[in-house]
Amino acid sequence: MLLTAVWVTLKLATITTVILMLLAIPMAWGLANMQSRLRPLLEALVGLPMVLPPTVLGFYILLLCSPNYAPGQLWLSLTGTTLAFSFTGLVIASVICSMPFVVQPLQRAFEQLDKGLLEAAAMMGAGRMDRFFNVVLPCTRRAMILAACMGFAHTVGEFGVVLMIGGNIPGETQVLSIALFDAVESQQFTEAHQIAAGLMVFAMILLITLYSLDRQPVAQLPLKSHPGRY
Amino acid sequence: MLRIDIQLPRDRFVLSVDESLDTDNTWAMMGRSGCGKTSLLRTIAGLESHARGRLQFNDEIWQDSEQGIWVPPEQRGIGYIFQEARLFPHLDVMENLRFALRRARANVAMPSLSEVVEQLDIVHLLGRTVDKLSGGEKQRVAIARTLLNAPRLLLMDEPLASLDWSSKTSILPCLRNIHQHFGIPVVMVSHAREEVARLADKLLLIDQGQVVSRGECRQLLSRPGSLLTRDDCALSILEVQVGSHDHQYGFTELLLGGQKLLVNQISALPGTGLRVILPAHEVSIVVEDIHCTSVQNRVATTIQAIQELDSKNVMLFMAAEGQTLLALVTRRALGLLNLSVGQRVFAHFKGACLDVV
């Protein structure tokens, strides 16, 4: 049962992180370069999950997932299953909840990026996409790693929303944080200890990695290095 | 031919320029900081999205606001050397060069990597990371990167402004070479007379967003009444030919018409046309033709104009062999020597203070 919960948690966090990065990179780029007065509104929407109690968010997402509302209805007619209390529903909820933790570091990094470098690249004939993939992304790779780790960690640590949307179905929606709650409720303290300590160690390792990454000069990041030749 | 007809609103004025620049000469746009010269250069490059008007390079239209034509900067085939090097920090020196090489334009005059790297003396830097380079090294790599991109037009925005003197003296010859060696037309922006005098042939003087004078660099820099001769940094440019080399004493004889100048030995072949830059404050005036002085350069001139500078100094404009020399002298000396327009005098200056480019 514990291993199943570990597997569900890792699967959820991985899938969520991949989806998050795909969505958050263009979103953060758009926000960072937006001149419109709508920007604070959009930033507030993205940041909402950071301040709202997860149960509030979970409540609304649950409503939207239910077949009584258009999104849930659409899902039901397309797949024949309900979104609520399913793994897919859990992924959607996790993506929404962890979005600000991924968008914000990326947006800061994009805002701080020296626009002069992009002008220089443009003058050398690099078009929009070329500049984005060959200047923007590599120059902000530290923020990328940070954002992905934050998204992953936050998804693993989420409890309220998961409980509201996913419930507690072992093998389907029961993640570690729920399993811990379950174990305590049913007074299985050995298992509760294992989960709690495990999550604690995981969180420490992740944070130590993140902070040591933060101190390392960019040039020494072990992503790419080879001697110059010609 | 670069045809510019551009308007760009700025904070205090509208930059409004209507000029044609031929591509056989190196052009400089000069003016005080904030006069709009950098904006003009950025507009040519396509980096100012608010600029309106028309831009044409040879038979290609880069911008025509009336017809809604706007070619993005990456498609204009321009090389831009910025004030700061703007090297990519995530790439090492060689990778920065490769970035430019991979995107090089199809150009007849495509400079080779080894040639550029040698000209700019950066062979030993190729494997280094960018943050380990000095300011001068960074700028040399930036220039190499721009050249390897094989641009059809090169724009330079005060490329030496952020550098110390020794870096300047090592980079200036490289920049001077670009037009001659690689055959790329150059338009540069500067507020420094020495930089312009060394690099440019023709000059646009810009003030408050308008072109106020246009002409030969040599003439504009030494014309009485011009903004450029109203302070003690004025200088004159002399066109000379290499005469002969004296290997024993280590000097070179330059010919200014029928007269001779001596400078520290240079490597140019006899007959080569060169440019000598002579700061006005290095020139002293001697009324009689005396020989018993350690100053080796003595040019016979005629005073053409005397212009008041401030309470202490005046500027003398003197003609020699059809060219103009400037001399900064004190009012006291002017009175003591009783100098007047039309008088024949001798301009004395040391060979070491001459800049030969």
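What counts and how
- Along each chain, numbering runs from 1 in the same order as the chain's sequence is written.
- Naming scheme: in the order in which they are written, chains are lettered from A and ligands are numbered from 1.
- For this predicted model, a pLDDT threshold of at least 70 governs which residues receive local features, and a threshold of 80 or more governs which side-chain atom pairs are given and counted, while totals over whole chains, interfaces and linings are taken from all residues.
- Side-chain numbers come from the whole structure's heavy atoms, not from hydrogens or water.
- Helix numbering and strand numbering both begin at the N terminus, where a helix is a DSSP run of H or I of at least 4 residues and a strand a DSSP run of E of at least 2.
- Each residue is assigned to one of three classes by its accessible area relative to the maximum for its type, calculated with a 1.4 Å probe on protein chains only: buried under 20%, partly exposed between the two thresholds, exposed over 50%.
- In this setup the radius of gyration rests on C-alpha atoms only. A globule is expected at 2.2 Å times the number of residues raised to 0.38.
- Working rule for contacts: check all heavy atoms of both residues, and any pair within 4.5 Å makes them a contact.
- For the accessible areas, the method is Shrake-Rupley and the probe is 1.4 Å, while residue cover comes only from the protein chains on display.
- The charged-residue count follows a simple rule in which Lys and Arg add positive charge and Asp and Glu add negative charge, with His and chain termini not counted at all.
- Lysine's charge is taken at NZ, arginine's at CZ, aspartate's at CG and glutamate's at CD.
- Strands are treated as partners if at least two bridges between them are detected by DSSP.
- Values labelled buried area give the accessible surface lost by two parts on being combined, using a 1.4 Å probe and summing over both.
- Salt bridges, as used here, are contacts in which a Lys or Arg side-chain nitrogen is within 4 Å of a carboxyl oxygen on Asp or Glu.
- For the purposes of these results, a polar contact is taken to be a pair of N or O atoms within 3.5 Å, where, inside protein, one atom must be able to donate a hydrogen and its partner to accept one; residues adjacent in sequence count only when each atom of the pair is a side-chain atom.
- Under the convention adopted here, Pro, Cys and the residues Ala, Val, Leu, Ile, Met, Phe, Trp and Tyr are nonpolar, Asp, Glu, Lys and Arg are charged, and Gly plus all remaining residues are polar.
- Convention adopted: a line fitted to C-alpha atoms gives each axis, helices being fitted over their contacting stretch, and angles between N-to-C directions are expressed from 0 to 180 degrees.
- Nonpolar cores were defined as sets of buried Ala, Val, Leu, Ile, Met, Phe, Trp, Tyr and Cys residues, with membership established by side-chain atoms within 4.5 Å.
- pLDDT expresses how confident the predictor is about each individual residue, on a scale running from 0 to 100.
- Residues form patches when they are more than 30% accessible in relative terms and have no salt bridge. Like charges link within 9 Å. Nonpolar side chains (Val, Leu, Ile, Met, Phe, Trp, Tyr) link within 5 Å.

Trainee: How should the overall build of chain A be read in this particular structure?
Mentor: Looking only at helices and strands, one finds eleven helices and zero strands in chain A. Counted from the first residue to the last, chain A has its helices and strands arranged as α-α-α-α-α-α-α-α-α-α-α. If you line up chain A on its principal axes, its C-alpha atoms span 65 × 40 × 30 Å. Sorting the 230 residues of chain A into buried and exposed places 42% on the buried side.

Trainee: Before we go on, may I ask you to explain the overall build of chain B in this structure?
Mentor: Looking only at helices and strands, chain B features eight helices and 21 strands. Relative to a compact globule of 357 residues, whose C-alpha radius of gyration would be 21 Å, chain B shows 22 Å and is just as compact. Reported as C-alpha extents along the three principal axes, the dimensions of chain B are approximately 65 × 50 × 35 Å. Expressed as a percentage of its 357 residues, the buried residues of chain B come to 55%. In chain B, 66% of the contacts between residues at least 6 apart in sequence involve partners at least 24 apart. Looking at chain B as shown, the accessible area adds up to about 15,500 Å², and 47% of this sits on carbon and sulfur atoms. For chain B, the centre of its 37 positive side-chain charges and the centre of its 40 negative side-chain charges are spaced 2 Å apart.

Trainee: How should I be thinking about the sheet that holds strand β12 (residues 235–246) of chain B in this particular structure?
Mentor: Within a sheet, adjacent strands bond to each other through the backbone by hydrogen bonds, running parallel or antiparallel. The sheet built from five strands is open, its strands ordered β14-β13-β12-β15-β21 (chain B) with antiparallel pairing. Each edge of the sheet is formed by a strand with only one pairing partner; in this case those strands are β14 (259–264) and β21 (355–356) of chain B.

Trainee: For this particular structure, what's the right way to read the interface of chain A and chain B?
Mentor: Often, the extent of an interface is quoted as the loss of accessible area upon association of its parts. Listed by partner, the interface residues are 25 residues for chain A and 31 residues for chain B. Summing both sides of the interface, chain A and chain B together bury roughly 2,300 Å²; the carbon and sulfur share of this comes to 64%. For D130 of chain A, the salt bridge identified is with R103 of chain B, shortest N-O distance 2.6 Å. Linking chain A with chain B are eight residue pairs in polar contact (both at pLDDT 80 or more). Every element with two or more residues in the side of chain A that touches chain B is listed here: α6 (115–123) and α7 (128–139) of chain A. Of the residues in the side of chain A that touches chain B, the class split is twelve nonpolar, six polar and seven charged.

Trainee: How should I be thinking about helix α2 (residues 93–102) of chain B in this particular structure?
Mentor: Most of α2 of chain B sits out of view: seven of its ten residues are buried. The elements touched by buried residues of α2 of chain B are α6 and α7 of chain A together with α3 (113–119) and α4 (135–148) of chain B. Its side-chain oxygen placed 3.1 Å from the backbone nitrogen of M94 of chain B, D92 of chain B serves as the N-cap of α2 of chain B.

Trainee: How should I be thinking about the sheet that holds strand β5 (residues 60–64) of chain B in this particular structure?
Mentor: All names here are of chain B. Reading across the sheet, the five strands line up as β2-β1-β4-β5-β6 and stay open at both edges, with antiparallel pairing between neighbours. Only two strands of the sheet have a single partner each, and these edge strands are β2 (14–21) and β6 (69–70). Direction of pairing for strand β4 (residues 52–57) relative to β5: antiparallel, over a ladder of four bridges. Along β5, the bridge assignment pairs R54 with D64. Contacting β1 (2–9), β2, β4 and β5, helix α1 (residues 37–45) runs over the sheet at an angle of about 120° to β1.

Trainee: Which parts of the structure should I look at to understand the pattern of salt bridges?
Mentor: It is possible for side chains bearing opposite charge to pair when their charged atoms get close. All names here are of chain B. Across all of its chains, the model carries 20 salt bridges over all chains by this definition. Across the pair R218 and E239 runs a salt bridge, and its minimum N-O distance is 3.5 Å. With R218 in helix α7 (residues 217–221) and E239 in strand β12, this pair connects stretches of sequence that are 21 residues apart. On the basis of relative accessibility, which here comes to 26%, the residue R218 falls in the partly exposed class. Look at E239 and you get partly exposed, because its relative accessible area is 34%. Note that E308 is salt-bridged to R331, the shortest N-O span being 2.6 Å.

Trainee: Which parts of the structure should I look at to understand the nonpolar core?
Mentor: For soluble globular proteins, the rule of thumb is that nonpolar side chains tend to be buried together. Membership of the largest hydrophobic core comes to 49 residues, with the highest contact counts inside it found for L97 and L175 of chain B. When neighbours within four sequence positions are excluded, L175 of chain B is seen to be in contact with I81, I143, M156, P159, L160 and L199 of chain B. With 40 residues, the next largest nonpolar core counts A24 and A32 of chain A together with F88 and L91 of chain B among its residues.

Trainee: So what exactly am I meant to see when it comes to the pairing of β4 of chain B here?
Mentor: Each regular strand shows side chains that alternate between the opposite faces of the sheet. Residues and elements named next belong to chain B. The side-chain alternation of β4 yields one buried face, formed by G53, L55 and F57, and one unburied face, formed by R52, R54 and Q56. Note: β1 against β4, six bridges, orientation antiparallel. Within β4, the residue paired with I4 across the bridge is L55. As consecutive antiparallel partners, β4 and β5 are separated by two residues, and within that stretch N58 has a phi angle of approximately 50°, a positive value.

Trainee: Looking at this model, I keep getting lost on the side chain of E137 of chain B. Mind explaining?
Mentor: Residue and element names in this part refer to chain B. Locating E137 in the fold gives a position in helix α4. Among buried Asp, Glu, Lys and Arg side chains, E137 stands out as unpaired, with R128 the closest opposite charge at 4.1 Å. Aside from chain neighbours lying at most four places away, what touches E137 is H124, L125, R128 and K132.

Trainee: Quick question: what am I supposed to make of the environment of L113 of chain A here?
Mentor: Residues and elements named next belong to chain A. Residue placement: L113 occurs in the loop between α5 (87–112) and α6. For the pair L113 and L2, spaced 111 residues apart in sequence, the C-alpha separation works out to 44 Å. Discounting residues that sit within four places of it in the chain, L113 has contacts with L118, V136, C139 and T140.

Trainee: So what exactly am I meant to see when it comes to the confidence of the model for chain B here?
Mentor: Low-pLDDT portions of the prediction should not be read for the details of their coordinates. In the predicted model, chain B carries a mean pLDDT of 89, and 99% of its residues have values of at least 70. Among the scores for the predicted complex, ipTM is 0.84 and pTM is 0.82.

Trainee: Just to check I follow, could you spell out a nonpolar patch on the surface for this structure?
Mentor: Together, L38, L41, L42, L45, L48, M50 and V51 of chain A line one region of the surface with nonpolar side chains, adding up to about 660 Å² of accessible area. Here M50 of chain A lies in helix α2 (residues 39–51).

Trainee: It is not clear to me how the environment of S20 of chain B should be interpreted in this structure. Could you clarify?
Mentor: Residues and elements named next belong to chain B. For S20, the location among the structural elements is in strand β2. With residues near it in sequence (within four places) discarded, S20 still touches M1, L2, R3 and R214. One polar contact links S20 to R3, side chain to side chain, over a distance of 3.1 Å.

Trainee: Sorry, what's going on with unusual backbone geometry here?
Mentor: Most peptide bonds are trans, and most residues other than glycine sit at a negative phi. Unlike most non-glycine residues, F85 of chain A shows phi in positive territory, near 60°. Here F85 of chain A lies in the loop between α4 (70–79) and α5. Unusually for a residue other than glycine, N58 of chain B sits at a positive phi of about 50°. If you trace the backbone, N58 of chain B turns up in the loop between β4 and β5.

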